[in-house]
Amino acid sequence: MHPLEILEFPDPRLRTVASPVKNITDEVAKFTERLLFTMYDASGIGLAATQVNFHQRIIAIDISETKNEPLILINPIIIEGAGEIESKEGCLSVPGFYEPVKRFSEIKLEAISVNGESFSLEASELLGICIQHEIDHLDGKLFVDYVSKTKRQLIRKKLKKANASRSGSK
Ligand code: QAP
Ligand code: CO
């Protein structure tokens, strides 16, 4: 398998709001495998479909040390959020930058598994933060939206420069 290309900030495609998955077809199931593969290949703990330019509500997560506890969330919905936690976040679409972001410290959510079964989940700490970060992607949001405009513009400038030198246009 080859990894899918991960879009990088400030790519406007990252601002797309993803549509709910209507049917968990073989194509959707295959896509979840590619999404997980791409996440592991990039050494990430979470990857949303939006980041690979596929605009349906699908998330891949694995926060385990051993990288063998994949979690796929289809059409995830946070039904309850409580408390507040601040931690430094990073993102495969914003490589090399880490900034503090405030999130709910505990969430309750509902989602559908690849088998098509609805389930609920309670999450806190790293898993809770990761799920909130990934659902933001499905809504076209990035963690840099929570930092100051000055910082965001600096990150944009640095990433643009890095991308330009990589593609040989400078
Ligand atoms: C989202 O982020 C997240 O800059 C997942 O050079 C972040 O997997 C959830 C990564 C923080 C919870 C807390 C970032 C890899 C991976 C980089 C990631 C990089 C290489 C980020
Ligand atoms: Co991200």
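Structure: see above.
Cut-offs used in this document
- Position numbers for residues count from 1 along each chain, tracking the sequence in the order it is written.
- Chain letters and ligand numbers both follow the written order, the letters beginning at A and the numbers at 1.
- Given that this is a predicted model, residues contribute local features only at a pLDDT of at least 70 and side-chain atom pairs are listed and counted only at 80 or more, while totals for whole chains, interfaces and linings are drawn from all residues.
- Only hydrogens and water are removed before side-chain values are computed, so all heavy atoms of the structure are retained for them.
- The near set for a molecule or strand comprises every residue that places at least one heavy atom within 4 Å of it.
- In the analysis that follows, any N or O atom pair within 3.5 Å is treated as a polar contact, provided that within protein one partner can donate a hydrogen and the other can accept it, and provided that, for residues neighboring in sequence, both atoms belong to side chains.
- Note on areas: Shrake-Rupley with a 1.4 Å probe; residue coverage comes only from the protein chains shown.
- Whether a set of points on the 1 Å grid over the protein atoms alone is a cavity depends on a 1.4 Å probe fitting there but being unable to get out, while an open set qualifies as a pocket with protein on both sides within 12 Å along at least five of seven lines; lining residues are those with an atom within 4 Å of a point.
- Being in a pocket or cavity means that more than half of the molecule's atoms lie within 2 Å of its grid points.
- Put simply, DSSP H or I for four residues or longer makes a helix, DSSP E for two residues or longer makes a strand, and each gets a number counted from the N terminus.
- Pairs were defined over the aromatic rings of Phe, Tyr and Trp, the Trp ring being its six-membered one, requiring ring centres within 6.5 Å. Orientation was assigned from the angle between planes: stacked under 30 degrees, edge-to-face over 60, tilted for the rest.
- Donor atoms: N, O and S within 2.8 Å of the metal, or within 3.2 Å for Na, K and Ca. Because water is excluded, sites can look incomplete.
- Accessibility here uses a 1.4 Å probe with only protein chains present; expressed as a share of the type maximum, an area under 20% marks a residue as buried, one over 50% as exposed, and anything in between as partly exposed.
- Strand pairing requires that DSSP identify at least two bridges connecting the strands.

### Details of the site of ligand 1
Phase 1: Ligand 1 sits among 16 residues. The nearest are G44, I45, G90, G96 and Y98.
Phase 2: The contact in question runs from an oxygen atom of ligand 1 to an N or O atom on the backbone of I45, over 2.8 Å.
Phase 3: A distance of 2.8 Å separates an oxygen atom of ligand 1 from a polar atom in the backbone of G96.
Phase 4: Considered on its own, ligand 1 offers 500 Å² of accessible surface; in the complex 82% of this is hidden by protein.
Phase 5: Given that more than half its atoms are within 2 Å of the pocket grid, ligand 1 belongs to the largest pocket.
Phase 6: By residue number, the principal contributor to the shell around ligand 1 is helix α2 (residues 125-138), which donates 5 residues.

### As for the packing of aromatic side chains
Phase 1: Summed over the entire model, instances satisfying the criterion amount to 1 aromatic pair.
Phase 2: Here the aromatic rings of F31 and F54 are separated by 4.0 Å at their centres, their planes lie at 25 degrees, and the arrangement is stacked. Taken as a pair, F31 in helix α1 (residues 26-41) and F54 in the loop between β1 (46-48) and β2 (58-61) lie far apart in primary sequence, 23 residues in all.

### Regarding the coordination of the cobalt ion (ligand 2)
Phase 1: Here the cobalt ion (ligand 2) is held by C91 (SG), H133 (NE2) and H137 (NE2), and the distances to it run 2.0 to 2.2 Å.
Phase 2: Read N to C, the donor residues that coordinate the cobalt ion (ligand 2) are spaced as C-x41-H-x3-H. Highlighted residues: H133 and H137, both in helix α2, separated by 4 residues, approximately one helical turn. An identical accessibility class is assigned to H133 and H137; each is buried.

### Re the pairing of strand β6 (residues 106-112)
Phase 1: In β6, alternate side chains face the same way, and those of I107, L109 and A111 are buried while those of E106, K108, E110 and I112 on the opposite face are not.
Phase 2: Two strands pair when backbone bridges link them, and strand β3 (residues 71-82) and β6 are joined in this way by 6 bridges, in the antiparallel orientation. Directly across from E80, in β6, lies its bridge partner K108.
Phase 3: Pairing analysis gives 7 bridges linking β6 to strand β7 (residues 118-124), with the strands arranged antiparallel. Within the sheet, the bridge partner assigned to A111 lies in β7 and is F119.
Phase 4: If you look at the hairpin formed by β6 and β7, you'll find 5 residues sitting between the two strands, and G116 has a positive phi there, around 90 degrees.

On their own, these measurements won't tell you what the molecule is for.
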